[in-house]
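Descriptive analysis of the structure
These are the residues of each chain, in order.
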Amino acid sequence: ADVPALEILALPLDDPETYALLSRGQTTAVFQFESRGMKETLVQAKPDRLEDLIALNALYRPGPMDFIPNFIARKHGRERIVYPHPLLERVAGNTYGIMVYQEQVMQTAQVVAGYSLGGADLLRRAMGKKNAEEMAKQRAIFVAGAAANGIGGDKANEIFDTMEKFAGYGFNKSHAAAYSLVAYQTAWLKCHHPAAFMAATLSSEMADTDK
């Protein structure tokens, strides 16, 4: 009988068996999740939704890696989820109160201090460059914008400090999402079509004896 063609973009993104495979760290030949450290992280994190894969992909880099234990503890209820301000629940709810992405830094500037999207991107870039003069100017704009939203100076400065900490190494969410979708699709194929998956993997690595 003819096997129907697989429509890779139509895969369900909530397949429990695929997340079980990822949570066991059985990710050899799975895009982006092959390294030993990433496998250990998956076993501890037990991802059960695409949003978790996106965050782990973004966090598993020098700098943000320090926050992986907090991310895992918060996901599994072992650490309280704290937001610097209630407004930020809608910005960092999917990442358990931890700013993981550049976009979250920009959204915080919009939500807390009324920045335009363009202005928020300039702020993010200034934070990344750590130019003291520019930062002092931006801090004053941020605090004034927050005051207009009824947020006091101390709280505004605290939020600004949090943003600054993450802006230096926040990863671009759109990149992490694209990588993680391909990772999920790869894991789904490994889970549901293991023989074909292994044959394809061996064929693609044929020239590399070590692999």
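Presented here is a report on the structure given in the accompanying data block. (Residues numbered from 1 in each chain as written. Predicted model: local features only at pLDDT ≥ 70, side-chain atom pairs only at ≥ 80, totals over all residues. Heavy atoms only, no water.)

1. Overview of empty space enclosed by the protein
Counted under the stated rule, the structure contains one cavity of 30 Å³ or more. By volume, the largest cavity is sized at about 30 Å³. In this structure, the largest cavity is lined by Leu 59, Pro 64, Phe 67, Met 99, Val 100, Phe 166, Tyr 169 and Gly 170. When the residues that make up the lining of the largest cavity are grouped by side-chain class, the tally is seven nonpolar, one polar and no charged. (1 Å grid on protein atoms, 1.4 Å probe; cavity = no way out; pocket = protein on both sides within 12 Å on 5 of 7 lines; lining within 4 Å. Points joined across faces, edges and corners; volume = space filled by probe spheres on them. Nonpolar A, V, L, I, M, F, W, Y, C, P; charged D, E, K, R; others polar.)

2. A short note on the layout of surface pockets
Counted as a void, the largest pocket has a volume near 280 Å³. The wall of the largest pocket is formed by Thr 28, Ala 29, Glu 34, Met 198, Thr 201, Leu 202, Ser 204, Glu 205, Asp 208 and Lys 211. A class-by-class count of the residues in the lining of the largest pocket yields three nonpolar, three polar and four charged. Estimated volume of the second largest pocket: approximately 180 Å³. Counting residues per element, the lining of the second largest pocket draws most heavily on helix α9 (residues 153-167), which supplies three residues. Within the lining of the second largest pocket, the residues separate by chemical class into nine nonpolar, four polar and two charged. (Helix = DSSP H or I, 4+ residues; strand = E, 2+ residues; numbered from the N terminus.)

3. Let's talk about the environment of Ala 136
Position of Ala 136 among the secondary structure elements: in helix α8 (residues 132-148). Along the backbone, Ala 136 and Pro 86 are 50 residues apart, and their C-alpha atoms lie at a distance of 25 Å.

4. Regarding the packing of aromatic side chains
Within a pair of aromatic rings, the relevant descriptors are the distance that separates the centres and the angle that separates the planes. Evaluated as defined, the whole model comprises eight aromatic pairs. Taken together, a centroid distance of 5.0 Å and an interplanar angle of 70° make the contact between Phe 71 and Tyr 96 edge-to-face. Here Phe 71 is found in helix α4 (residues 68-75), whereas its partner Tyr 96 is found in the loop between α5 (89-92) and α6 (102-113), with 25 residues between them in sequence. Within the aromatic cluster, the residues linked to one another by ring pairs are Phe 31, Phe 171 and Tyr 179. Stacked on the ring of Phe 171, the Lys or Arg Arg 61 has its end atom at 3.8 Å from the ring centre. (Phe/Tyr/Trp six-rings, centres within 6.5 Å; stacked < 30°, edge-to-face > 60°. Lys NZ or Arg CZ within 6 Å of the ring centre and 35° of its normal.)

5. Regarding a nonpolar patch on the surface
On the surface, Phe 31, Tyr 179 and Val 182 cluster together into a nonpolar patch covering about 230 Å² of accessible area. Inspection of the secondary structure puts Tyr 179 in helix α10 (residues 173-192). (Patch = residues over 30% accessible without salt bridge, like charges linked within 9 Å, V, L, I, M, F, W, Y side chains within 5 Å. Areas by Shrake-Rupley, 256 points an atom, 1.4 Å probe, with all protein chains shown as cover. Salt bridge = Lys/Arg side-chain N within 4 Å of Asp/Glu carboxyl O.)

6. A short note on the pattern of salt bridges
According to the stated counting rule, one finds 12 salt bridges in the structure shown. Between Glu 164 and Arg 139 there is a salt bridge; the shortest N-O distance is 3.5 Å. In this pair, Glu 164 sits in helix α9 while Arg 139 sits in helix α8, placing the two residues 25 residues apart along the sequence. Between Glu 158 and Lys 155 there is a salt bridge, and its shortest N-O distance comes to 3.3 Å. Placement of the pair is Glu 158 and Lys 155 together in helix α9, with a separation of three residues, close to one helical turn. Glu 158 gets classed as partly exposed once you look at its relative accessible area, which sits at 40%. (Buried < 20%, exposed > 50% of the residue type's maximum accessible area, 1.4 Å probe, protein only.)

7. Brief notes about the nonpolar core
Grouped together as the largest cluster of nonpolar side chains are 54 residues, with contacts concentrated most on Leu 53, Leu 123, Met 127, Phe 142 and Met 163. Here this core takes seven residues from helix α3 (residues 50-59), the largest share from any one element. When residues no more than four places from it in sequence are discounted, the contact partners of Phe 142 are Ala 109, Val 112, Ala 113, Tyr 115, Leu 123, Ala 156, Ile 159, Phe 160 and Met 163. (Core = buried A, V, L, I, M, F, W, Y, C linked by side-chain atoms within 4.5 Å. Contact = heavy atoms within 4.5 Å.)

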